[in-house]
Amino acid sequence: MTPTIDRDRLLSEIEALGSISEAEPPVVTRIVFSASDLKARAWMKARCEEAGLTVREDAVGNTFARWDGSEPGAPAVGTGSHIDAIPNAGKYDGVVGALGGLEAIRALRESGFRPRHSIELLIFTSEEPTRFGIGCLGSRLLSGTLPGDAAGKLKDDGGATLEEVRKGAGFNGDLEQVKLQSGHYKAFIELHIEQGPLLERQQIPLGIVTKIAAPASLRVLIEGSGGHAGGVLMPDRRDALCAAAELILAIENAARTTGAIDTVATVGICEVFPGAVNSIPSRVHLSVDIRDTDLQRRDKVMQTMEATCQSISAKRQVSIHAELLNADAPADCAPAIVEALSHSCRKHDQKFIPMVSRAYHDSLFMARIAPVAMLFIPCRNGYSHRPDEYASPEDIARGTLVLAETLATLSE
Ligand code: GLV
Ligand code: MN
Ligand code: MN
């Protein structure tokens, strides 16, 4: 049995999903539980039902589409990703794994294959941290990493809680019940664009992920003193933005000087109050994202940042408060699934390399309750989280084929 991937069907679905957006095409913005997210979910569910899968949603909106195997009680083989998108994103992040997973399942069904273990497509809720400040909400709950009551209290910028917002979107039930029984999955595989340049640079079409880097994020509030941009003399200033500028560069330097290319740090949000041309900034809010494949090295950057906050605060007479939002451990992929993916690549004469995922994914948390691995395909210039994100039809179809083969092997 060799599954045949219907490339045109898959690509037209990627286009269709990309057009469900809060922004003008080609920009994709699809924030969790926004009107466009709800529309995308309904569209995705319809595609799964059309494919003959049985769809269920849990209390946070994680969506499961199941193809029952001949032993329905046996642990399932899972695949999937997310369909939410950060502001000003492209159409491939997450979507390639969600729709590629669906296409892989359809291709297996159409080839006459009959699985012993059920095969389940899983679309995670809010992989992106945009709305509630923390990424991988769905998979944190599925894996029991985040307790239901703590998740329910998370607030968006408007002050609405996850509890209120998810119920408003029609997802009721108890968040505590989202956690999956361990043993639900025999294996879980996420297909994804690389979101970095390495496959393209090496002209290798596939990457098999062996490890997912450890992410951490913080929200930093700096408070100084405002006033008239003309009247307040320089020695008297306690400018919150100047303090923020020092801190941002110190964080960059801490990440640059660990001696490892795997350490990365980003300040992606800088909100300045009051934000007037002739007013000294009195308050600044920063977001900080620090990641590394090595947990100790990442934590050392966080400690350096903490010490720097103290010294800048003393020197500039500003208060700096850093709130830790998450600091997660890295995950190792399961050697047996890595081998199954490698075997499928070899079967189809496809070159591949082992890789580290520097981006986080729901698989980071699924690894706590199931053996996981990820399959990466190249994306042009390594671009992601921007509207010109692009993966070629050939690469998408190739990744989907290798995924289908591997789902078949693992579900036999
Ligand atoms: C996921 O989108 C990440 O930021 O790695
Ligand atoms: Mn993303
Ligand atoms: Mn993603």
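The structure under discussion appears in the preceding block.
How each quantity is defined
- Residues numbered from 1 in each chain as written.
- Chains lettered and ligands numbered in written order.
- Predicted model: local features only at pLDDT ≥ 70, side-chain atom pairs only at ≥ 80, totals over all residues.
- Heavy atoms only, no water.
- Helix = DSSP H or I, 4+ residues; strand = E, 2+ residues; numbered from the N terminus.
- Rg over C-alpha atoms; globule rule 2.2 N^0.38 Å.
- Contact = heavy atoms within 4.5 Å.
- Areas by Shrake-Rupley, 256 points an atom, 1.4 Å probe, with all protein chains shown as cover.
- Lys, Arg positive; Asp, Glu negative; His and termini not counted.
- Charge placed at Lys NZ, Arg CZ, Asp CG, Glu CD.
- Donors = N, O, S within 2.8 Å, 3.2 Å for Na, K, Ca; no water.
- 1 Å grid on protein atoms, 1.4 Å probe; cavity = no way out; pocket = protein on both sides within 12 Å on 5 of 7 lines; lining within 4 Å.
- Points joined across faces, edges and corners; volume = space filled by probe spheres on them.
- Nonpolar A, V, L, I, M, F, W, Y, C, P; charged D, E, K, R; others polar.

Colleague: Kindly report on the overall build of the protein chain, identifying the contributing residues and their values.
Modeller: Along the backbone of the protein chain there are 12 helices and 17 strands. Computed over its C-alpha atoms, the radius of gyration of the protein chain comes to 22 Å, within 12% of the 22 Å expected for a compact globule of 412 residues. The principal-axis extents of the C-alpha atoms in the protein chain amount to approximately 80 × 45 × 40 Å. Restricting to contacts in the protein chain with at least 6 residues of sequence separation, those with at least 24 account for 79%. In the form shown here, the protein chain has an accessible surface area of approximately 17,100 Å², with 51% of it arising from carbon and sulfur atoms. Here the protein chain carries 43 positive and 54 negative side-chain charges, and the mean point of each set is 1 Å from the other.

Colleague: Before we move on, can you summarise the coordination of the manganese ion (ligand 3) with the specific residues and values?
Modeller: Donor atoms from the polypeptide that bind the manganese ion (ligand 3) are His82 (NE2), Asp93 (OD) and His192 (NE2), placed at 2.0 to 2.3 Å. As a motif over one chain, the donors of the manganese ion (ligand 3) read H-x10-D-x98-H. Between the two metal centres, the manganese ion (ligand 3) and the manganese ion (ligand 2), the spacing is 3.7 Å, with Asp93 acting as a shared donor. Within this pair, whereas His82 is found in strand S4 (residues 76–82), its partner Asp93 is found in the loop between strand S5 (85–89) and helix H3 (95–110), the two being separated by 11 residues in sequence.

Colleague: Run through empty space enclosed by the protein, naming residues and quoting values.
Modeller: Under the definition given, this model contains 2 cavities of 30 Å³ or more. Of the volumes computed, that of the largest cavity is approximately 80 Å³. Forming the boundary of the largest cavity are Val32, Asp37, Arg41, Met44, Gly61, Thr63, Ile83, Asp84, Ile123, Phe124, Thr125 and Ser126. The leading source of residues in the lining of the largest cavity is helix H2 (residues 35–50), at 3 residues. Residue composition of the lining of the largest cavity, by class: 5 nonpolar, 4 polar and 3 charged. In this structure, the second largest cavity spans a volume of roughly 30 Å³. The residue makeup of the lining of the second largest cavity, split by class, is 4 nonpolar, 2 polar and 4 charged.

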